Amino acid sequence: MQNKGLVKLFALLFGLVSIYQLSFTFKANQIEKEAVELATNKIPSSEENYHAKRSREESNYLQSIANDTVYNMGIAKFTYNEVKQKAMNLGLDLKGGINVILQVSVKDILKGLANNTADPTFNKALEDATELQKNGQNTYLEDFFTAFDAIKGDTKLASPDIFYTKALDGEIDGSMSDDEVKVVIERKIDESIVSAFEVLRKRIDEFGVTSPNIQRLGTSGRILVELPGVKDVERATSLLQSTAQLEFWDAYKGEQFFPFLAQANETLKDVVDTKKGTEEAATETDDKSSQIDDLLGDAVTDSTAVTAVNPIFDLIRGQGYPGGPIIAKFEAKDKATVLDYLNRKEVRDLLPSEQRYVKFAFGKPEKNSELIDLYALVGNRENIPPLSGDVVTDARNQFSAVGKSEVSMQMNAKGAKIWEEMTGNAYAQGSQIAIVLDNIVYSAPGVTTGPIAGGSSSISGDFSLNEAIDLANVLRAGKLPASADIISSEVVGPSLGKEAIQSGTMSFMIALALVLLWMVFYYGKSGLFADIAMLLNILLIFGVLSGLGAVLTLPGIAGIVLTIGMSVDANVLIFERIREELGKGKGQVEAIKDGFGNALSSILDANITTGLTALILFVFGTGPIKGFATTLLIGIATSLFTAIFITRLLIDWYTNRGGKLEFATGITKNLFRNINIEFLKKRKIAYIISGSLIVVSLVSLFTNGLDQGVDFVGGRTYQVRFAHAVSSAEITDVLSDPAVFGSADAKTFGSSNQLKITTKHMVNESGTEADEHIREKLYQALVPYLEGISYEQFIDLNDVNKQVGLLETYKVSPTIADDIKQASLWAVLGSLIVVFLYILFRFKKWQYSLGAVAAVFHDVLIVLGVFSLTYKFMPFNMEINQAFIAAVLTVIGYSLNDTVVVFDRIREYFNEHTSWNFSKIVDVSLSSTLSRTLNTSLTTLVVLLAIFIFGGDSIRGFMFALIVGVVVGTYSSLFIATPVMYETVDKSNKKKALNGGE
């Protein structure tokens, strides 16, 4: 092998980088474990709602050390935030949390842009678009344009009764064609969705979830939000669905509240137990005293006393500018504490009468800082702002005459009148107006030119371009007329995540041990070298996942374990070729060299076809399925490197030292040797067997159907665990009562005391009220089986050790279910087309492609048939969902892997044995690769069985599909793919046709 030194260096560096990346994961886990222990010790289980309190305590502790150095590697130091960013992220199924897809109502935005017009053509087009959405794949806006064009007659989109409104004046005029108006409306819709996205992103940042993920899904108005680890699910759901609250408030000058802060600080000393020791107070006094003196001026305090503890002053980290609206600066982690102090009754009683209704609010954290500003806003008894955000008709970033970023804002007539009054007062008093979104002050500009009439304003300040864009988005969000409805959600309790980690780890270790032992048993010392390369492969997979910031899920663990099973394939191919070369009488060194060289083509072809299907799965998959595809793709790349280069390095090292390798043991030395099976003569029997299986499968599919999950039909699914075993049939009858859900389906999920309950009751209702209503009904119906737990205990998803009650919820609306089904169909068809084209490119003849695709169709139909025939009585979940589609695509890749190896050997033998007839070449090719086919299949099956048995309930159906697929795929590569290819070649010219001749 050439460049051994370079390979060694690369392997060493790659391994060290992987260890470096994984070290952050271990450190983050250590710190988070400490946070859990601190919270557990501080909040006893006897306290009410102790799970939520512990969760908040954990979060507060982690926030308090966010910028503290927690990891010193000698050559570099890292804060907790930096450690967390570099650590591997766990998905919902391993950590618990919430995953939702929100739909911003484009219909409502269109109504708002048209000023809620009563125009019959416009409103009929909206209704028709809603109907088109039920069975179509277009965006709502595309369907609206289609519906409008079909019924518009002489009506134009630029009509004064539709989009030629005062709010859109300047962008749309009456002379514009419909096509021109459509461009403007598309932009306005996109701006509204961007605004909603920004609002959600900022809310999530405020929520303090580690490793959140939020992204737009195409142009459909859908937004994906993943919050792994969030424990207060109710708050998170409310946070995501509530309409953005943009408000404009008059602001007090900060210095007006300095005396009040001094009085509040003294009052709180008597009622707040800060639990700060004398020593800590002494070390902080000197640092605080100068800030406090500056803040209070001539006010007299006892801040110099060594033992003094100041509930408010000890938290102050800075002050605002004279005449400005900022009272003081605090750390973000102290925000809740400060607001709690200032809103206590005994503290608010200290305020003078004219400030009695003051509204305290914090601003955004300063850039590259954890400090936030405290503002005092002019409130009122009703706590209603003088001006709300729905008056803003447009806002965008622009540049001033001197080239600085600023924001222009336009209000409607009602807003313009109030705005003129507010700006006049602010100008006269030299005060500011605070722009507040969801109780966060985003900006507090002053007024420098007198009252602003007409509703058109420019907000200037020390903005960067991005800050100006963000503020414009915030202002536009205020006029967003639609809330974001949750059309798909998955909520997983942390107790399930804990169990998933345990079962995933166990399946991983068992599968790994079995594969390592098998390789040594079958190949002896050379198998040991393959094992070392495989262990390095695992280290590299985890290192790459961590380095990429990928999310590890339970299917992701399955992908890694499956990669272990499939990664032996490359070593098996190499070792079998070496055994063949040794059998020809070649010396050990020459046989090893030729074995590695001859196996390379098959290895690359097999892994590329599998990689292509994994890539399609990555593109079309979401959530955990994308995680499965990610680990599979990474595993393919790293296993190629370790099998081809690392195994070769180890074998060369051993043989160069005089070692002798047999590439077999005494037991396996003669296994599959000198086999000469006439496969083609048995093809008619295989056709009868396969034909019968396909007919049975098709009959079952048309009569018995499939157990389609909510992914494909819509509905709600609840995973509920009981204290004792329950009857799924009895629970189904109870829940199907017209007084409950009318129709429902309960299935045993894993153990006999655990059910997966599915219902389509209120399937078209996506609001939180509907979710709450259904959960209450579910609880009331199940009360007799729950042994006295309360409703709050039943729905509580904060308890990491929860054993009884609701453990997981999953909801999919019918609209997105249709889209998921369509995307899944395209994923399967797309993979077949891509594979057909690749094999055509690689082997130059369509007969190869046809044989491969025929085998894949055969495999998919039989897998579907097995699921259709058995789902009613199998003791585990066999729903057809996104995970099943992932399994089907994996089966396609695996089946092709086997087939391509056989095809590669057929092509090789054409060149070596020119005197053989075509049928002999095919039979000998199949016989010579039989050892590799069975060895790889058995190894992969052992791995899959380990995951199936030990990997957890949620993944069992997924594994069963893969097990069936591997068995059927191995059979089809021998008895379907190659015979079909053989049948399609012109019998009079088979050899010439398949050898690339013309």
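Residues numbered from 1 in each chain as written. Predicted model: local features only at pLDDT ≥ 70, side-chain atom pairs only at ≥ 80, totals over all residues. Heavy atoms only, no water.

1. Here's the deal with the overall build of the protein chain
Summing up its helical and strand segments, the protein chain has 32 helices and 23 strands in all. Sequence-distant contacts in the protein chain: of pairs separated by 6 or more residues, those separated by 24 or more amount to 73%. Carbon and sulfur atoms provide 56% of the accessible area of the protein chain, an area that totals close to 42700 Å². (Helix = DSSP H or I, 4+ residues; strand = E, 2+ residues; numbered from the N terminus. Contact = heavy atoms within 4.5 Å. Areas by Shrake-Rupley, 256 points an atom, 1.4 Å probe, with all protein chains shown as cover.)

2. Some remarks on the nonpolar core
One finds Phe-575, Ile-839, Phe-884, Ile-892, Ile-906, Phe-958 and Met-959 to be the most contacted residues of the largest nonpolar core, which totals 146 residues. The element best represented in this core is helix 28 (residues 882-912), accounting for 17 residues. When near neighbours in sequence (up to four residues on either side) are disregarded, Phe-884 contacts Val-863, Leu-864, Phe-867, Glu-879 and Ala-961. Ala-129, Phe-145, Val-184 and Ile-214 belong to the second largest nonpolar core, which has 46 residues in total. (Core = buried A, V, L, I, M, F, W, Y, C linked by side-chain atoms within 4.5 Å. Buried < 20%, exposed > 50% of the residue type's maximum accessible area, 1.4 Å probe, protein only.)

3. Section: the pairing of strand 7 (residues 246-251)
Strand 7 sits mainly inside the fold: five of its six residues count as buried. In this structure, strand 7 lies alongside strand 15 (residues 432-437), joined through six bridges in antiparallel fashion. By the bridge assignment for strand 15, Glu-247 is matched with Val-436. Examined bridge by bridge, strand 7 and strand 12 (residues 387-388) share two bridges and lie antiparallel to one another. Paired with Phe-248 across the two strands is Leu-387, which belongs to strand 12. (Pairing = 2+ DSSP bridges.)

4. So, the environment of Ala-530
Of note, Ala-530 is situated in helix 17 (residues 525-548). Its relative accessible area of 0% is what places Ala-530 among the buried residues. C-alpha of Ala-530 to C-alpha of Val-520: the two residues are ten residues apart in sequence and 8.6 Å apart in space. Aside from chain neighbours lying at most four places away, what touches Ala-530 is Met-519, Asn-571, Phe-575 and Thr-647.

5. Here's the deal with the pairing of strand 11 (residues 371-377)
The buried count for strand 11 comes to six of seven residues, which makes it a mostly enclosed element. Two elements, strand 10 (residues 359-363) and strand 11, share four bridges in a ladder whose sense is antiparallel. Along strand 11, the bridge assignment pairs Lys-359 with Leu-377.

6. Observations regarding the sheet that holds strand 23 (residues 805-812)
A sheet is described by the order of its strands in space; here eight strands give the open sequence 5-6-4-18-23-20-22-21, paired in antiparallel fashion. Of all the strands in the sheet, just strand 5 (213-217) and strand 21 (745-748) have a single pairing partner and so form its edges. Strand-to-strand, the axes of this sheet are offset by a mean angle of 20°, without reference to chain direction. The pairing of strand 18 (residues 484-492) with strand 23 spans five bridges and is classified as antiparallel. From the neighbouring strand, Glu-490 faces strand 23, where its bridge partner is Tyr-810. (Axes fitted to C-alpha atoms, helices over the stretch in contact; angles between N-to-C directions.)

7. Structural notes on the pattern of salt bridges
Taken as a whole and assessed by the stated rule, the structure comprises 40 salt bridges. Here Lys-188 and Glu-171 are joined by a salt bridge, their closest N and O atoms 3.3 Å apart. One end of the pair, Lys-188, is in helix 8 (residues 178-207); the other, Glu-171, is in the loop between helix 7 (140-151) and helix 8, and 17 residues separate them in sequence. Lys-188 gets classed as buried once you look at its relative accessible area, which sits at 2%. Using a relative accessible area of 22% as the deciding quantity, one classes Glu-171 as partly exposed. As a salt-bridge pair, Asp-569 and Arg-932 come within 2.6 Å of each other at their nearest N and O atoms. Note that Asp-569 is positioned in helix 18 (residues 554-583) and Arg-932 in helix 30 (residues 930-950), a separation of 363 residues in sequence. Across this residue pair, the class does not change: Asp-569 and Arg-932 are buried. Because the salt bridges share partners, they merge into one network encompassing Glu-171, Arg-187, Lys-188, Glu-191 and Arg-396. (Salt bridge = Lys/Arg side-chain N within 4 Å of Asp/Glu carboxyl O.)

8. Quick notes on unusual backbone geometry
Positive phi values are uncommon outside glycine, yet Phe-663 reaches one of about 55°. With respect to the element layout, Phe-663 can be found in the loop between helix 20 (623-656) and helix 21 (683-703). The exposure class assigned to Phe-663 is buried, which follows from its relative accessible area of 1%. The phi torsion at Glu-787 lies on the positive side, around 55°, for a residue other than glycine. When you line up the elements, Glu-787 lands in the loop between helix 24 (768-782) and helix 25 (791-795).

9. Description of the packing of aromatic side chains
Per the counting criterion, the structure on display carries 39 aromatic pairs. Residues Phe-529 and Tyr-654 carry aromatic rings whose centres are separated by 5.5 Å and whose planes lie at 55° to one another, so their mutual orientation is tilted. Separated by 125 residues along the polypeptide, Phe-529 in helix 17 and Tyr-654 in helix 20 bring together distant segments of the chain. An aromatic cluster is defined as three or more aromatic residues linked by ring pairs; in this entry it consists of Trp-518, Phe-521, Tyr-522, Tyr-523, Phe-575 and Phe-663. Above the face of the Phe-948 ring, Arg-956 is positioned so that its terminal group lies 6.0 Å from the ring centre. (Phe/Tyr/Trp six-rings, centres within 6.5 Å; stacked < 30°, edge-to-face > 60°. Lys NZ or Arg CZ within 6 Å of the ring centre and 35° of its normal.)

10. Some words on a nonpolar patch on the surface
Together, Leu-615, Phe-618, Val-619, Phe-620, Leu-825, Trp-826 and Leu-829 make up an exposed nonpolar region whose accessible area comes to about 640 Å². Residue contributions to the nonpolar patch peak at four residues, all from helix 19 (residues 588-620). Turning to its location among the elements, Trp-826 is positioned in helix 26 (residues 814-843). Relative accessible area serves as the criterion here: at 49%, Trp-826 is assigned to the partly exposed category. (Patch = residues over 30% accessible without salt bridge, like charges linked within 9 Å, V, L, I, M, F, W, Y side chains within 5 Å.)

11. Side note on helix 27 (residues 846-870)
Under the 1.5 Å per step criterion, the end-to-end length of helix 27 is 36 Å for 25 residues, consistent within 8% with the ideal 36 Å. Among the 25 residues that make up helix 27, 18 are buried, leaving the element largely enclosed by the rest of the structure. (Expected span 1.5 Å × (residues − 1).)

12. Here's the deal with the packing of helix 6 (residues 120-135) against helix 7
A packed helix pair is summarised by two numbers, namely the angle formed by the two axes and the spacing between the axes. For the pair helix 6 and helix 7, interaxial distance at closest approach is 8 Å and the crossing angle is 130°. Our classification of the angle between helix 6 and helix 7 gives oblique. The hand of the helix 6/helix 7 crossing is right-handed. Residue-level contacts link Thr-121, Phe-122, Lys-124, Ala-125, Leu-126, Asp-128, Ala-129, Thr-130, Leu-132 and Gln-133 of helix 6 to Tyr-140, Asp-143, Phe-144, Ala-147, Phe-148 and Ile-151 of helix 7. (Parallel < 35°, antiparallel > 145°, perpendicular 65-115°, else oblique. Left-handed = near helix turned anticlockwise from the far one by under 90°.)

13. What to know about helix 28
With 31 residues, helix 28 extends 46 Å from end C-alpha to end C-alpha; this agrees with the ideal 45 Å at 1.5 Å per step. Measuring from the side-chain oxygen of the N-cap residue of helix 28 to the backbone nitrogen of Phe-884 gives 3.0 Å; that N-cap residue is Asn-881. (Polar contact = N/O pair within 3.5 Å; in protein donor to acceptor, adjacent residues only side chain to side chain.)

14. Section: the packing of helix 16 (residues 494-523) against helix 30
Where helix 16 meets helix 30, the axes come as close as 8 Å, and the angle between the chain directions of the two elements is 155°. Of the possible angle classes, the one that applies to helix 16 and helix 30 is roughly antiparallel. Our pair here, helix 16 against helix 30, has a crossing hand that is right-handed. Here Ser-503, Met-506, Ser-507, Ile-510, Ala-511, Leu-514, Val-515, Trp-518, Tyr-522 and Tyr-523 of helix 16 come into contact with helix 30, specifically with Ser-931, Asn-935, Thr-939, Val-942, Val-943, Ala-946, Ile-947 and Phe-950. Here the contact of helix 16 with helix 30 is built from residues that sort into 13 nonpolar, five polar and no charged. (Nonpolar A, V, L, I, M, F, W, Y, C, P; charged D, E, K, R; others polar.)

15. A closer look at the confidence of the model for the protein chain
For the protein chain, per-residue confidence averages 82 on the pLDDT scale, and 90% of positions sit at 70 or higher. When pLDDT is averaged over each element of the protein chain, helix 21 comes out on top at 94 and helix 11 (residues 278-296) at the bottom at 43. Per-residue pLDDT stays below 50 along residues 274-307; that stretch engages in 42 contacts with residues further than four places along the chain or on separate chains. Low confidence marks residues 993-998, where pLDDT is under 50. Its contacts with residues over four positions away, or in another chain, come to 14 contacts. (pLDDT = per-residue confidence, 0-100.)

16. A closer look at a negative patch on the surface
Together, Asp-169, Asp-173, Asp-179 and Glu-180 make up a region of like negative charge exposed at the surface. Among the structural elements, Asp-173 can be located in the loop between helix 7 and helix 8. We classify Asp-173 as partly exposed; its relative accessible area is 32%. (Lys, Arg positive; Asp, Glu negative; His and termini not counted. Charge placed at Lys NZ, Arg CZ, Asp CG, Glu CD.)

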